[in-house]
Amino acid sequence: MDIKIGKKYLHNTFAGVEVVTKILLQEKPSIFMGELVRKKDLHALKKAGVSYTGKEKLPECVGVVYDFQVIREWK
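Keep in mind that this is a model prediction, so the values were computed, not measured.

(A) Seen up close, the sheet that holds strand S2 (residues 18-28). As summarised here, the arrangement of the 5 strands in space is S4-S3-S2-S1-S5, forming an open sheet in which the pairing is antiparallel. Two strands close off the open sheet at either side, each with one partner strand: strand S4 (62-66) and strand S5 (70-73). The mean angle between the axes of side-by-side strands here comes to 45°, regardless of whether they run parallel or antiparallel. Summarising the sheet, strand S1 (residues 8-12) and S2 pair through 5 bridges and their orientation is antiparallel. Residue leucine 10 lies in a different strand from S2, and its bridge partner there is valine 20. Where helix H1 (residues 39-47) meets the sheet, its contacts fall on S2 and strand S3 (31-36), and the angle it forms with S2 comes to roughly 95°.

So this is what it looks like as structure tokens:
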């Protein structure tokens, strides 16, 4: 899949939760940085054990996205 900067993608996380992330930049050919798009994803990650308080603003929730984690583009 051709992942593009600025687009949103549904992808798996290592916490076992599917989230939607907006891709911000590409670190390496298959490694990207992205920010969460939906508040419910932040709460799902918190419930899965990620150390979020639940009060973070979505642009603060930046993480690594590997190309093999991407399920599809989010529209």
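(B) Quick peek at H1. Every buried residue of H1 is listed here: Asp41, Leu42 and Leu45. Looking straight down H1, one finds that the buried residues subtend no more than 105° of arc, so they occupy a single side. Among the exposed residues of H1, those oriented more than 90 degrees off its buried face are Lys40 and Lys47. For H1, the elements touching its buried residues are S2 and S3. Positive phi appears at glycine 49, one or two residues downstream of H1, with a value of about 110°.

(C) Seen up close, a nonpolar patch on the surface. On the surface, Ile5, Leu24, Leu25 and Val62 cluster together to form a nonpolar patch covering roughly 310 Å² of accessible area. Relative to the elements of secondary structure, leucine 25 occurs in strand S2. For leucine 25, a relative accessible area of 37% corresponds to the partly exposed category.

(D) Here's a closer look at the environment of isoleucine 31. Its location among the elements puts isoleucine 31 in strand S3. For isoleucine 31, the residues in contact, after removing those within four places along its chain, are Gln26, Val64, Val65 and Tyr66.

Calculation criteria
Residues numbered from 1 in each chain as written. Predicted model: local features only at pLDDT ≥ 70, side-chain atom pairs only at ≥ 80, totals over all residues. Heavy atoms only, no water. Pairing = 2+ DSSP bridges. Helix = DSSP H or I, 4+ residues; strand = E, 2+ residues; numbered from the N terminus. Axes fitted to C-alpha atoms, helices over the stretch in contact; angles between N-to-C directions. Contact = heavy atoms within 4.5 Å. Buried < 20%, exposed > 50% of the residue type's maximum accessible area, 1.4 Å probe, protein only. Arc of directions from axis to C-beta. Patch = residues over 30% accessible without salt bridge, like charges linked within 9 Å, V, L, I, M, F, W, Y side chains within 5 Å. Areas by Shrake-Rupley, 256 points an atom, 1.4 Å probe, with all protein chains shown as cover. Salt bridge = Lys/Arg side-chain N within 4 Å of Asp/Glu carboxyl O.

By themselves, these are just geometric observations and shouldn't be taken as functional.
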